[in-house]
Amino acid sequence: MNLTDINEIRALLDRHGFRFSKSLGQNFLTAAWVPEQIADSAGIDKNTGVLEIGPGIGCLTKQLSMRAGKVVAVELDSALKPVLKETLADCDNVETVFGDVLKTDLKALVEEKFTGLRPVVCANLPYNVTSPVLTELITSGLFESITVMIQREVAQRICARENTADYGAFTLLCQWYCETYKLFDVPPSCFIPQPKVTSSVIKLKKRKSPPIAVLDEEQMFKIIRAAFNQRRKTLVNALSSAMGIDKVFVQNAVVSCGLDERVRGEVLDIVKFAQLSDIFTKNVPENVG
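Residues numbered from 1 in each chain as written. Predicted model: local features only at pLDDT ≥ 70, side-chain atom pairs only at ≥ 80, totals over all residues. Heavy atoms only, no water.

> Teacher, can you tell me more about the overall build of the chain here?
For the chain, the helix and strand inventory stands at 12 helices and nine strands. Put simply, the chain has 289 residues, and 48% of those count as buried. In the chain, once contacts between residues fewer than 6 apart in sequence are set aside, the share between residues at least 24 apart is 67%. With an accessible surface of roughly 13500 Å², the chain has 47% of that area assigned to carbon and sulfur atoms. (Helix = DSSP H or I, 4+ residues; strand = E, 2+ residues; numbered from the N terminus. Buried < 20%, exposed > 50% of the residue type's maximum accessible area, 1.4 Å probe, protein only. Contact = heavy atoms within 4.5 Å. Areas by Shrake-Rupley, 256 points an atom, 1.4 Å probe, with all protein chains shown as cover.)

What follows is the structure, encoded as structure tokens:
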């Protein structure tokens, strides 16, 4: 069965009485090159255990199965049970788990399912859960790499550089934990139903260590969020307002990092945010922020 042939997809779904759910952001691939290229980009082999999220009808799952030691596919929509039972019947190294990945104990899953294997993620992520799922995957520290297809707009944010419109708090979260790479775009014509936006495939490689040491990681991300929650404000005003810290203290901290006191948060790279955070950690008055 060709799981990217639109006629075969429709026949498969009709056989099982399946209907697309807009709320779940379901879009199935209709171009064979896409799952093949995603799986190739993931850099997997028989020593790899792959977590896939949202397998749909299984077209990427089958490509992963051909390359990996084991694939665990987590699917939220139980209506796809009979579909996946049919399409993955010949994939002995695939296990399908029905449930919400955001409610799944990822550490327990990796320990139980991928013993002796190198754990990675490879998936076509539903648009409506991209940010929370990626945040959970990245901060878990469990996966060597994460190769996913997501909305192009989000991919641009993740891979953005400082002093650009796409650069923000989520950019810095991703780049603190991972090296980020935008690989290729996938047009709407490659899906059924066709989404209204272009998709992109990105790869996030887990860093062995953060790009710079920081005294208090939680404090750093608190500063980053404050800086971008009011990104039109200067960094001094944004931090002073959001964290309840004396403006003169913030101004002195910013200047001591070699920055202009009128600078906005979007100008700082992760290294500067870490330096600023250390000044706060060492000197910020008690009972604030």
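> Sorry if this is basic, but what is going on with the side chain of Gln175 here?
One can find Gln175 in helix H8 (residues 169-177). Of the polar contacts made by the side chain of Gln175, one reaches the side chain of Arg161; its length is 3.4 Å. Ignoring sequence-local partners within four residues, the contact set of Gln175 consists of Ile158, Cys159, Ala160, Arg161, Thr180, Arg207 and Pro211. (Polar contact = N/O pair within 3.5 Å; in protein donor to acceptor, adjacent residues only side chain to side chain.)

> In this structure, what is going on with unusual backbone geometry? I would like to understand it.
Peptide bonds are, in most cases, trans, and in most cases residues other than glycine have a negative phi. In this structure, the amide linkage connecting Ile192 to the following residue, Pro193, adopts the cis form with an omega of -20°. Looking at where Pro193 falls in the secondary structure, it is placed in the loop between strand S8 (191-192) and strand S9 (199-206). Phi at Asn163 is positive, roughly 65°, even though this residue is not glycine. Structurally, Asn163 is set in the loop between helix H7 (152-158) and H8.

> Even after reading the chapter, I still don't get the packing of helix H10 (residues 235-243) against helix H11 (residues 247-256), so can you show me in this structure?
Between two packed helices, both the angle of their axes relative to each other and the distance between the axes serve to describe the pair. Where H10 contacts H11, the two axes come as close as 9 Å, and the packing angle between them is 135°. Regarding the angle of H10 to H11, the classification is oblique. Here H10 and H11 pass one another in a crossing that is right-handed. Residue-level inspection shows Leu235, Val236, Asn237, Leu239 and Ser240 of H10 in contact with H11, the latter providing Lys247, Val250, Gln251 and Val254. (Axes fitted to C-alpha atoms, helices over the stretch in contact; angles between N-to-C directions. Parallel < 35°, antiparallel > 145°, perpendicular 65-115°, else oblique. Left-handed = near helix turned anticlockwise from the far one by under 90°.)

> Hey, could you run me through the state of the cysteines in this one?
In a disulfide, the sulfur atoms of two cysteines are covalently bonded to one another. For the structure shown, the criterion picks out zero disulfides. Here Cys159 is not disulfide-linked; the sulfur of Cys174 is the nearest cysteine sulfur, at 8.3 Å. (Disulfide = S-S within 2.5 Å.)

> For this particular structure, what's the right way to read the packing of H8 against helix H9 (residues 217-229)?
Look at H8 against H9: their axes get within 9 Å of each other, and the N-to-C directions meet at 150°. Our classification of the angle between H8 and H9 gives roughly antiparallel. Mapping the contact onto sequence places Ala169, Leu172, Leu173, Trp176 and Tyr177 in H8 and Glu217, Met220, Phe221, Ile224, Arg225 and Phe228 in H9. Class assignment for the residues of the contact of H8 with H9 results in nine nonpolar, no polar and two charged. (Nonpolar A, V, L, I, M, F, W, Y, C, P; charged D, E, K, R; others polar.)

> Got a minute to help me understand the nonpolar core in this structure?
A general trend in soluble globular proteins is that nonpolar side chains are found buried together. Judged by nonpolar contacts, the single largest core of 61 residues is most densely connected at Leu51, Leu134, Leu137, Ile158, Leu239, Leu276 and Phe280. Element by element, the count of residues in this core is highest for H9, at seven residues. Beyond its immediate sequence surroundings of up to four residues, Leu137 is in contact with Leu51, Ile53, Leu106, Val121, Phe143 and Ile146. In this structure, Ala42, Cys59, Leu84 and Cys91 belong to the second largest nonpolar core, which totals 35 residues. (Core = buried A, V, L, I, M, F, W, Y, C linked by side-chain atoms within 4.5 Å.)

> Even after reading the chapter, I still don't get the sheet that holds strand S3 (residues 70-75), so can you show me in this structure?
Strand pairing in a sheet is mediated by backbone hydrogen bonds. Such pairs are either parallel or antiparallel. Overall, mixed pairing links the seven strands, which are arranged S4-S3-S2-S5-S6-S9-S7 in an open sheet. One side of each edge strand has no neighbouring strand; the edge strands of this open sheet are strand S4 (94-98) and strand S7 (178-186). With direction set aside, neighbouring strand axes in the sheet form an average angle of 20°. Strands strand S2 (48-53), S3, S4 and strand S5 (118-124) of the sheet are contacted by helix H5 (residues 106-113), whose axis makes an angle of about 150° with S3. (Pairing = 2+ DSSP bridges.)

> Mind showing me how you'd approach the pattern of salt bridges here?
Close approach of charged atoms allows side chains of opposite charge to pair. One pass over the full model with this rule turns up 13 salt bridges. Of the charged contacts in the structure, one is a salt bridge between Arg152 and Asp185, with a shortest N-O distance of 3.6 Å. A residue pair is termed long-range when its members are at least 10 positions apart, and Arg152 in helix H7 and Asp185 in strand S7 qualify at 33 residues. Judged by its relative accessible area of 32%, Arg152 falls in the partly exposed class. Overall, the relative accessible area of 31% leaves Asp185 in the partly exposed class. (Salt bridge = Lys/Arg side-chain N within 4 Å of Asp/Glu carboxyl O.)

> Would you mind showing me how to read the pairing of S3 here?
The side chains of a regular strand alternate between both faces of the sheet. Counting buried positions along S3 gives five out of six residues, so the element sits mostly inside the fold. Here S2 runs beside S3; their pairing, made up of five bridges, is parallel. Opposite Glu52, over in S3, you have Ala73 as the bridge partner. Bridge count for S3 against S4 is five bridges, and the pairing is parallel. Note on S4: the bridge partner recorded for Glu75 is Phe98. The handedness of the S3 to S4 crossover, carried by helix H4 (residues 81-87), is right-handed. (Right-handed = clockwise from strand over helix to strand, strands pointing away.)

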